[in-house]
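Fold and contact review
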Amino acid sequence: MITKENYKVNSKGYYGKFGGAYVPEMLLPNILELQENYLEITSRPSFKKEFDYLLKDYVGRPTPLYLAQRMSEKYQAQIFLKREDLCHTGAHKVNNTIGQILLAKALNKKKIIAETGAGQHGVATATVCALMGMECIIYMGAVDMVRQRPNVERMKILGAEIRAAESGSKTLKDATNEAMRHWINHPTDTHYIIGSVVGPHPYPDLVARFQSVISEEIKYQLNEQIGRDHPDMVIACVGGGSNAAGAFYHYLDRPEVQLIAAEAAGLGIDNKKSAATTFLGTEGVLHGSKTLLMQTADGQVTEPYSISAGLDYPGIGPIHAHLFDSGRAHFCAVTDEEAMHAGIDLSRLEGIIPAIETAHAISALDKIEVKDKVVVINVSGRGDKDLDTYITWGKY
Amino acid sequence: MNRIDEVFSRKKKGVLNIYFTAGYPKINDTLRIARTLEAAGVDIIEIGIPYSDPIADGPTIQDSSQKALDAGMSLKLLMRQLQDLRKHIKIPVILMGYINPVLQYGFTKFCQDCKEVGIDGVILPDLPMQEYAEMYQVTFEEYGIYNIFLMTPLTSEKRVLQINEASKGFIYMVSSASITGAKQEVSQAQIDYFERIQKMNLSVQRLIGFGISNKETFDNACQYASGAIIGSAFINQLNKDDSDEAITSFVGSIINP
Ligand SMILES: Cc1ncc(COP(=O)(O)O)c(C=O)c1O
């Protein structure tokens, strides 16, 4: 039984025992500046007005909530798709980058840095920097730059400078390290746009608030379509957890809504090549917050694996660590193979080719009982960026 | 008396603290390098616990950490290597590392083992004061381990005073807004910051670190604090030549007039 509890961040930056701001003194002035100002700035009417305007006329919100007929028939349920894939740049990531660049402007920052794994957050950041005429540097693991060539070029076309992270395992976690190091070296004029609900407080809360527009829309859209503002179940994939945090946000304190998080199991949770953090991770500190992460017994962060670059991260945001720990959300692990089949399934049943991250959320339908339920699946992104992966996989 | 306090009670100027990464360049070098440093005249030794994601460190220390990890270095092994530390070494020894490996080791066990082998203080840059005070301070104090705090040019005056209040041993004064790494000179902006802090007459001693690389930068820093810390420049020396003679002459080049 789920007790009534607050699942949002507390005044000290914690979700239960997870969260906080474990940053070196060199970063503290920046973090304190954000902690002290983010709520005031984001609640200004002028901020809200511009944020809403850009989400509407630039991003294309509200995104549709679509009743997927053939999918619903297959699962004998009422399945709604929240179409974040229709956002400008092709994924939910832009909701956050719009919010953060407006915050950066309000804080008088002149330059933007960001990390990216698959390149989706990098593209969304480069996009808003072009929109606002701000200088933009994106850190990306050298290995990921090779894997995600088209997104590297997209960012360059948008005018961003891409810097290869050559340290450690040369992937997303190292790109995040490099972005943090850059920020330490350029503390006054630069804002760091983190791409998910990870990092030191207030980032997890900041990003969750910007993404919460997703469940805000679901509430009224469901009301219009079925006469009640909540489904029985919300399903989303979790890399760092920003699209899931946004889709869950307004239902966190509504125990009648089941929250389902799909993690990337890679080749399987009994295989070393996996990214299913709640199954394989333990408590620790990663990128400035106490959370669950994949690590050795000695506390070295391990390199995760998933076919989906956007889920290929060794941790999850502290909000999700708490949702897992408290039992509020149910986590399931979806393998590469299961996700790819689910992606094809959605393509064939509804004519929507999802991002492979999203395909993990679709696959959760096979892992939980959904019969006769009202289900919302967050379609976090479109599959255009993943065509090469679909082609290489080939089983369609 | 904690050995760190003991050093500052007899030496108010020119205190030299040298950092190196545990298990580097060779996995069994930890104790050898510490002994050589003491014999060469270093006042405090700081041993880095290698970590996979050291966000406050520049390429030199990142690289030494990664190589030590690849060779099999771990906090457990480090504690074993330090088992007989106090049979060989009299000067203060500080462990520097990131919070995650310490949490996995078990925080209480870490403090307990530090005390047992004779560690005097620890520097955990990603353990901020709020978390320290709420969750860790009591245990540190129970085992008599000093937690060394950092300050930077951007640390507000109010916070500098809080850090002074919370500090034992010394305050690690980060010389510029940057990650670790050797630099050739000290800028005017840094000197302004050093002077500003000097005028605050803090009760706790300060050592200046980050970018201190040779006699000139060391002497310069010593004008504004009780001493200074050399890290990356010493690792660079180990990369060139890590023999006892080379280490001794590196230290000599800094402290000999
Ligand atoms: C389409 C899509 N979905 C999901 C994710 C995972 O991120 P998060 O868990 O923060 O939503 C990404 C990340 O790149 C993505 O591109």
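See the structure shown above.
Described below are features of the structure shown in this document. No experiment lies behind these values; they were computed from the predicted model shown. (Residues numbered from 1 in each chain as written. Chains lettered and ligands numbered in written order. Predicted model: local features only at pLDDT ≥ 70, side-chain atom pairs only at ≥ 80, totals over all residues.)

In terms of helices and strands, chain B carries 13 helices and nine strands. On the principal axes, the C-alpha backbone points of chain B span a range of 45 × 45 × 35 Å. Among the 257 residues that make up chain B, the fraction classed as buried is 54%. (Helix = DSSP H or I, 4+ residues; strand = E, 2+ residues; numbered from the N terminus. Buried ≥ 20, exposed ≤ 12 C-beta atoms within 10 Å, placed from the backbone.)

Helices and strands together make up the secondary structure of chain A, namely 16 helices and 14 strands. Here chain A has a C-alpha radius of gyration of 19 Å; the compact-globule value for 396 residues is 21 Å, and the two agree. The principal-axis extent of the C-alpha atoms belonging to chain A is close to 55 × 45 × 40 Å. Per-residue burial for chain A yields a buried fraction of 60% across its 396 residues. In chain A, once contacts between residues fewer than 6 apart in sequence are set aside, the share between residues at least 24 apart is 73%. (Rg over C-alpha atoms; globule rule 2.2 N^0.38 Å. Contact = placed C-beta atoms within 7 Å.)

Attention now moves to the interface of chain A and chain B. Counting from both sides, the interface comprises 26 residues of chain A and, opposite them, 31 residues of chain B. At the level of elements, α1 (28-42), α8 (172-185) and β11 (282-286) of chain A are the ones that each hand at least two residues to the side of chain A that touches chain B. Counting residues per element, the side of chain A that touches chain B draws most heavily on α8 of chain A, which supplies six residues. Class assignment of the residues belonging to the side of chain A that touches chain B gives a composition of 13 nonpolar, nine polar and four charged. (Nonpolar A, V, L, I, M, F, W, Y, C, P; charged D, E, K, R; others polar.)

Here we come to the packing of helix α4 (residues 93-106) of chain A against helix α5 (residues 120-132) of chain A. All names here are of chain A. Their axes nearest at 9 Å, the elements α4 and α5 cross at an angle of 45°. Overall, the two elements α4 and α5 adopt an arrangement that is oblique. Crossing geometry of α4 relative to α5 is assigned as right-handed. Between α4, through Lys93, Val94, Thr97, Ile98, Ile101 and Lys105, and α5, the contact on the second element is made entirely by Gln120, His121, Ala124, Thr125, Thr127, Val128, Cys129 and Met132. Of the residues in the contact of α4 with α5, the class split is seven nonpolar, five polar and two charged. (Axes fitted to C-alpha atoms, helices over the stretch in contact; angles between N-to-C directions. Parallel < 35°, antiparallel > 145°, perpendicular 65-115°, else oblique. Left-handed = near helix turned anticlockwise from the far one by under 90°.)

All names here are of chain B. As summarised here, the arrangement of the nine strands in space is β5-β4-β3-β2-β1-β9-β8-β7-β6, forming an open sheet in which the pairing is parallel. The sheet terminates laterally at β5 (146-147) and β6 (150-151), the two strands that pair on one side only. Alignment of strand β3 (residues 93-96) against strand β4 (residues 121-123), held across three bridges, turns out to be parallel. Bridging across to β4, Met96 finds its partner in Ile123. (Pairing = 2+ DSSP bridges.)

Residue and element names in this part refer to chain A. Taken together, six strands build an open sheet; the order of strands is β3-β4-β14-β9-β10-β13 and the sheet is mixed. Here the strands that pair on one side only, and so sit at the sheet edges, are β3 (65-67) and β13 (329-335). For this sheet, the mean inter-axis angle between neighbouring strands, taken without regard to orientation, is 25°. Relative to strand β14 (residues 374-379), strand β9 (residues 233-237) runs parallel, the two sharing three bridges. If you follow Met233 over to β14, its bridge partner there is Val375. Helix α10 (residues 213-226) contacts β3, β4 (78-83) and β14 of the sheet and is inclined by roughly 40° relative to β3. Sheet contacts for helix α15 (residues 356-363): β9, β10 (258-266), β13 and β14; angle to β9, the most-contacted strand, approximately 145°.

All names here are of chain B. Counting through the fold element by element, Gly41 comes out in the loop between α2 (30-40) and β2 (44-48). Look at Gly41 and you get partly exposed, because 14 C-beta atoms sit within 10 Å. Residues Gly41 and Cys114, 73 residues apart in the sequence, show an inter-C-alpha distance of 23 Å. Discounting chain neighbours no more than four positions away, the residues touching Gly41 are Val251 and Ile255.

On to α10 of chain A. Residue and element names in this part refer to chain A. Between the first and last C-alpha of α10 there are 20 Å, a value that for 14 residues agrees with the 20 Å anticipated at 1.5 Å per step. Along α10, the residues classified as buried are Val213, Ile214, Ser215, Glu217 and Ile218. A positive phi of about 80° marks Gly227, the residue just after α10. (Expected span 1.5 Å × (residues − 1).)

Let us now look at the site of the ligand. Residues and elements named next belong to chain A. Gly239, Ser242, Gly310, Glu357 and Gly381 are the nearest of the 21 residues found near the ligand. Sorting the residues of the shell around the ligand by element identifies α5, α11 (242-248) and α15 as the ones contributing at least two each. Of the residues forming the shell around the ligand, the biggest block, three residues, is contributed by α11. Here the residues of the shell around the ligand are counted per class, giving seven nonpolar, 13 polar and one charged. Each of domain 1 (24-54 + 93-206) and domain 2 (60-91 + 212-393) gives at least three residues to the shell around the ligand. (Near = placed C-beta within 6 Å. Domains from an automatic or database assignment.)

All names here are of chain B. Taken N-terminus to C-terminus, the directions of helix α7 (residues 107-117) and helix α8 (residues 129-142) make an angle of 25°; their axes are 9 Å apart at the nearest point. Here α8 runs roughly parallel to α7, going by the angle between their axes. Considering how the two elements wind past one another, α7 and α8 form a crossing that is right-handed. Within the contact between the two elements, α7 uses Phe107, Thr108 and Cys111 and α8 uses Tyr136, Thr139 and Phe140. Residues of the contact of α7 with α8, tallied by class, amount to four nonpolar, two polar and no charged.

Before going further, it helps to spend a moment on the nonpolar core. Ranked by internal contacts, the top residues of the largest apolar core, which has 212 residues, are Val234, Ile235, Ile260, Ala262 and Val375 of chain A together with Tyr172 and Ala228 of chain B. Shared between two domains, this core takes at least three residues from each, and those domains are domain 1 (24-54 + 93-206) and domain 2 (60-91 + 212-393) of chain A. Filtering out sequence-adjacent residues up to four positions away, Val234 of chain A remains in contact with Ala247, Phe248, Tyr251, Val257, Leu259, Ile260 and Val376 of chain A. (Core = buried A, V, L, I, M, F, W, Y, C linked by C-beta atoms within 7 Å.)

Glancing now at unusual backbone geometry. With omega at 20°, the peptide bond leading from His201 of chain A into Pro202 of chain A counts as cis. Mapping Pro202 of chain A onto the fold places it in the loop between β8 (190-192) and α9 (203-211). Geometrically, the link from Tyr24 of chain B to Pro25 of chain B is a cis peptide bond, its omega value of 0° lying close to zero. Phi is positive for Asn201 of chain B, close to 50°, though the residue is something other than glycine. Note on placement: Asn201 of chain B falls in the loop between α10 (188-199) and β8 (205-209). Residue class for Asn201 of chain B comes out exposed when judged on the 7 C-beta atoms lying within 10 Å of it.

Residues and elements named next belong to chain A. Assignment of secondary structure puts Gly195 in the loop between β8 and α9. As a C-alpha pair, Gly195 and Gly122 span 73 residues in sequence and 8.2 Å in three-dimensional space. Setting aside residues no more than four positions away along its own chain, Gly195 makes contact with Lys93, Ala114, Glu115, Thr116 and His121.

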